Amino acid sequence: MKVLYIVGMGRSGSTILANSLGEVDGFFSAGEICYMWRNNLVENRLCGCGAPFRECEVWGRVLERAFGGSENVDPQEMMRELSAGARTRHLPLMLAEPGRRRLADRMRPLLNNTGALYRALRDETGSRVIVDSSKEPAYGRALGMAPGIDLRVLHLVRDPRATAYSWAKKKPQPDSPDREFMVQFSPFKNSWMWDSWNGAAEALWGGDPSRYLRLRYEDFIADPRESFGRILGLMDEDAEPPLAGDNEVKLGVSHTVSGNPNRFQTGSVALKPDTEWIGEMDPRDRGLVTALTYPMLRRYGYPVHPEAAERSAARV
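Keep in mind it's a predicted model, so treat the numbers as computed, not measured.

Conventions used here
Residues numbered from 1 in each chain as written. Predicted model: local features only at pLDDT ≥ 70, side-chain atom pairs only at ≥ 80, totals over all residues. Heavy atoms only, no water. Helix = DSSP H or I, 4+ residues; strand = E, 2+ residues; numbered from the N terminus. Rg over C-alpha atoms; globule rule 2.2 N^0.38 Å. Buried < 20%, exposed > 50% of the residue type's maximum accessible area, 1.4 Å probe, protein only. Contact = heavy atoms within 4.5 Å. Pairing = 2+ DSSP bridges. Axes fitted to C-alpha atoms, helices over the stretch in contact; angles between N-to-C directions.

**Student:** Whenever I open this one, the overall build of the protein confuses me. Can you help?
**Tutor:** Broken down by element type, the protein carries 15 helices and seven strands. For 316 residues, the compact-globule estimate of 2.2 N^0.38 gives 20 Å, and the C-alpha radius of gyration of the protein, at 19 Å, lies within 12% of that figure. The principal-axis extent of the C-alpha atoms belonging to the protein is close to 55 × 45 × 40 Å. By residue count, 55% of the 316 residues in the protein fall in the buried class.

**Student:** How should I be thinking about the side chain of N113 in this particular structure?
**Tutor:** The topology assignment puts N113 in helix α7 (residues 108-125). Residues in contact with N113, not counting those within four places in the same chain, are F67, V73 and M78.

**Student:** For this particular structure, what's the right way to read the sheet that holds strand β2 (residues 27-31)?
**Tutor:** Sheet strands line up and pair through hydrogen bonds in the backbone, either parallel or antiparallel. Taken in spatial order, the five strands of this open sheet run β2-β3-β1-β4-β5, and their pairing is parallel. A single partner strand is all that each edge strand has here, and the edge strands are β2 and β5 (212-216). The mean inter-strand angle of the sheet, taken between neighbouring strand axes irrespective of direction, is 25°. Inspection of the sheet shows β2 paired to strand β3 (residues 129-135) by four bridges, in the parallel sense. Looking at the pairing, F28 lines up with I130 of β3.

**Student:** How should I be thinking about the environment of G279 in this particular structure?
**Tutor:** With respect to the helices, strands and loops of the structure, G279 is situated in helix α13 (residues 276-280). Residue G279 is classed as exposed on the basis of its relative accessible area, which comes to 62%.

This is the structure in structure tokens:
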């Protein structure tokens, strides 16, 4: 059972990329399943189709197939096991086989239920590939321990100053009546997470190019066709890329769980550079993020000076 796991920092374009891949024949974009137990089974937030999760017919059939109904799985227990073995603090243990075995023993019911859930998604939707855009490295490594999962990893990277600018903005959260805006991160926290999550993705999967692909969001926007081709190659899938033009995708209704509100977007979407941060970001914040992420920022080919980044984007 093939699963494409998108790993990387939030606000890196994973939502539009994952939902676009969901338009490929045989692919199903499931959203951020890592957070499904809390956000959907407990809080009943909206499915990507717009219905409250418990009223979505697709997910109702999936849960019936996987567990005999949602009442037969305890989301609180799944959340406790995630906390016990699939958080950022567990990444050091995940780097070696003895540590992975210890964590797997802690999370056995979660791993079994996760395997059952993805199998049910595959069988209910008739998909060959399930796309999970949860992005957390630790959850991705735990997902690879679940029975029957053939995991391939897409490491999505975006300029850390762009992600910091996005995380600092107030963004409405339309799928929860209890929270008006999505969580915000400071430039310092964004930088720490950007460094640690991207570094963890390389450490966990970067040694196996047959199952790992690193893609810059900026390169995806510059040449979507080439980027989709690389992703389809990673999945050993021979399919048409989901493009309505050179830089445009056409999105249908999705059944994504959790994630960025952009997951509700349908219709034609232009893929174009988003460089608002270059002119609008506080120079002090920009300098702080540049300093804190400098080694990996350079490793991934981002210019230190934002004016150079803007000139680069203008050539796209």
